[in-house]
Amino acid sequence: MQQMQKNKRQATKQKTDQALRATDRERSSRPELLDHAVHVLPDGDEWIVKTAHAKQAANRYQVKEEAIERGKEIAINIGEQLAIHKQSGQIQDVLSY
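Residues numbered from 1 in each chain as written. Predicted model: local features only at pLDDT ≥ 70, side-chain atom pairs only at ≥ 80, totals over all residues. Heavy atoms only, no water.

1. Description of the confidence of the model for the protein
(1) Moving on: Residue-level pLDDT values for the protein average 79, and 65% of them are 70 or greater.
(2) Moving on: Taken element by element, the protein is modelled with least confidence in helix α2 (residues 17–28), mean pLDDT 48, and with most confidence in strand β3 (residues 59–61), mean pLDDT 96. (pLDDT = per-residue confidence, 0-100. Helix = DSSP H or I, 4+ residues; strand = E, 2+ residues; numbered from the N terminus.)

Below is the structure:
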């Protein structure tokens, strides 16, 4: 199972920007898929980790990679997806746990 997730993440990283934009449109047409996900979002010069529908961010980081690591921990603990956003706010990647 972990190998499948690793392969999926690797394949996503290899997608072109055009393919990622197509994925963004696909997910945005089905927002219910991310209703309970943990999100890594840009907030000015910082990155926040926030669960969908939460009133405030769980954590705030200067470095995106640190926010992603914390987001993974939270997503694993609650058994939800992790949605990683680009600086523009579009979804870059979604990881399932």
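2. A closer look at helix α3 (residues 64–78)
(1) Moving on: With 15 residues, α3 should cover 21 Å at 1.5 Å per step; its first-to-last C-alpha distance of 21 Å lies within 8% of that length.
(2) Moving on: For α3, the set of buried residues is K64, A67, I68, G71, I74 and A75. Viewed along the axis of α3, the buried residues span an arc of 130°, placing them on a single side of the element. In α3, the exposed residues that point more than 90 degrees away from the buried face are E65, I76 and N77. (Expected span 1.5 Å × (residues − 1). Buried < 20%, exposed > 50% of the residue type's maximum accessible area, 1.4 Å probe, protein only. Arc of directions from axis to C-beta.)

3. Some details on the pattern of salt bridges
Side-chain pairs of opposite charge can arise whenever the charged atoms involved come near each other.
(1) Moving on: Evaluated as defined, the whole model comprises four salt bridges.
(2) Moving on: The partner of D43 in a salt bridge is R60, and the shortest N-O contact between them spans 2.5 Å. Taken as a pair, D43 in strand β1 (residues 38–43) and R60 in strand β3 lie far apart in primary sequence, 17 residues in all.
(3) Moving on: Given the relative accessible area of 34%, D43 is considered partly exposed.
(4) Moving on: Here E73 makes a salt bridge to R70, at a shortest N to O gap of 2.9 Å. Of this pair, E73 and R70 both sit in helix α3, three residues apart, which is roughly one turn of the helix.
(5) Moving on: Assessed through its relative accessible area of 27%, R70 is described here as partly exposed.
(6) Moving on: Connected via shared salt-bridge partners are D43, E46 and R60. (Salt bridge = Lys/Arg side-chain N within 4 Å of Asp/Glu carboxyl O.)

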